[in-house]
Amino acid sequence: MPEISYVQALHDALEEEMERDDRIFILGEDLAIGYPFGVTKGLQERFGAERVINTPMSEASFVGAATGAAITGMRPVVDIMFDNLMWLAMEQIVNQAAKLRYMSGGQLRVPVVIRSPTGFWGSFAAQHSDSLAARLMGIPGLTVVTPSTPRDAKGLLKSSLRSDDPVVFLEHKQLYLSKGVVPEEAELIPLG
């Protein structure tokens, strides 16, 4: 089994799942260049601008668009540059994506994954150093995932992308450069 970085594990999970399921698409800011940590680098070249969509700086709008796409059968991945910016989209995350299945009596599925770096690292300052996992764990209807190794990051992201419920996938910035052994074959790590 090869040793790869946490960033590479996330990239590989996205690439493999996008290859497997053409309903998966990614939207967020600066995705084409993989900013800020390189997870999405090269994916727009491989899958095109229709599946790796650079958005304007408006988290509420693109989380809302992803939620709408999810209930119509797509499997969007929302890339929020820093979890502090989730505050701007909390209405869409907490009162829409998380609750639509319950509000519809189970008739709607909301297979959206909201990925975001979390925690303190380097010189990102107060505006980009929150850790929202504990706040989000109390929201009914949301699954919150915080992988700690490259193997967990890849396996849990693959499972998140196959979930029919909304998942907030938080990646601690201090782990991005860590390395670990990750199986080459598809490994799903069950959520929960």
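Draft legend 1. Structural view of the overall build of the chain. Of the regular secondary structure elements, the chain holds 7 helices and 8 strands. Against the globule reference of 16 Å for 192 residues, the chain gives a C-alpha radius of gyration of 15 Å, in line with a compact fold. Counting the 192 residues in the chain, one finds 52% classified as buried. Working note: accessible area of the chain is about 8,600 Å², and carbon and sulfur atoms make up 54% of it.

Draft legend 2. Local environment of helix α3 (residues 59-71). Taking 1.5 Å of rise per residue, the 13 residues of α3 would be expected to cover 18 Å, and the 18 Å separating its terminal C-alpha atoms lies within 8% of that figure. For α3, the full list of buried residues reads E59, F62, V63, A66, T67, A69 and A70. One side of α3 holds all its buried residues, which, seen down the axis, span an arc of 165°. Buried positions along α3 lie against β2 (24-28), β4 (75-79), α4 (90-97), α5 (100-103) and β5 (113-118). Of the residues flanking the end of α3, it is G73, one or two places downstream, whose phi is positive at about 110°.

Draft legend 3. Here's a closer look at the confidence of the model for the chain. Here the chain averages 91 in pLDDT, while 95% of its residues score no lower than 70. Mean pLDDT in the chain bottoms out at helix α6 (residues 133-137), which sits at 83, and peaks at helix α7 (residues 150-162), which reaches 98.

Draft legend 4. Region of interest: the environment of E91. Structurally, E91 can be placed in helix α4. For E91, a relative accessible area of 42% puts it in the partly exposed group. A distance of 3.0 Å separates the side chain of E91 from the side chain of Q96, its partner in a polar contact.

Draft legend 5. Spatial organisation of the pairing of β4. Where burial is concerned, most of β4 is hidden: 5 out of the 5 residues are buried. The two faces of β4 match: R75, V77 and D79 on one face and P76 and V78 on the other face are all buried. Pairing between β2 and β4: 5 bridges, direction parallel. Directly across from I24, in β4, lies its bridge partner R75. Here β4 pairs with β5 via 3 bridges, running parallel. Bridge pairing links D79 to R115 in β5.

Draft legend 6. Geometry of the packing of aromatic side chains. This model, assessed by the stated rule, comprises 3 aromatic pairs. Consider the rings of Y6 and Y176, whose centres lie 5.8 Å apart with planes at 75°: the pair is edge-to-face. Remark: Y176 occurs in the loop between β7 (167-172) and β8 (179-181) and Y6 occurs in helix α1 (residues 6-20); sequence separation between them is 170 residues. Each member of the pair, Y6 as well as Y176, is classed as buried. Considering the side-chain rings of F37 and F82, the 6.3 Å spacing of their centres and the 80° angle between planes classify their relative orientation as edge-to-face. Of the two residues, F37 sits in the loop between β2 and α2 (43-47) while F82 sits in the loop between β4 and α4, which places them 45 residues apart along the sequence. F37 sits in the buried class, given a relative accessible area of 16%.

About the criteria used
- Residues numbered from 1 in each chain as written.
- Predicted model: local features only at pLDDT ≥ 70, side-chain atom pairs only at ≥ 80, totals over all residues.
- Heavy atoms only, no water.
- Helix = DSSP H or I, 4+ residues; strand = E, 2+ residues; numbered from the N terminus.
- Rg over C-alpha atoms; globule rule 2.2 N^0.38 Å.
- Buried < 20%, exposed > 50% of the residue type's maximum accessible area, 1.4 Å probe, protein only.
- Areas by Shrake-Rupley, 256 points an atom, 1.4 Å probe, with all protein chains shown as cover.
- Expected span 1.5 Å × (residues − 1).
- Arc of directions from axis to C-beta.
- Contact = heavy atoms within 4.5 Å.
- pLDDT = per-residue confidence, 0-100.
- Polar contact = N/O pair within 3.5 Å; in protein donor to acceptor, adjacent residues only side chain to side chain.
- Pairing = 2+ DSSP bridges.
- Phe/Tyr/Trp six-rings, centres within 6.5 Å; stacked < 30°, edge-to-face > 60°.

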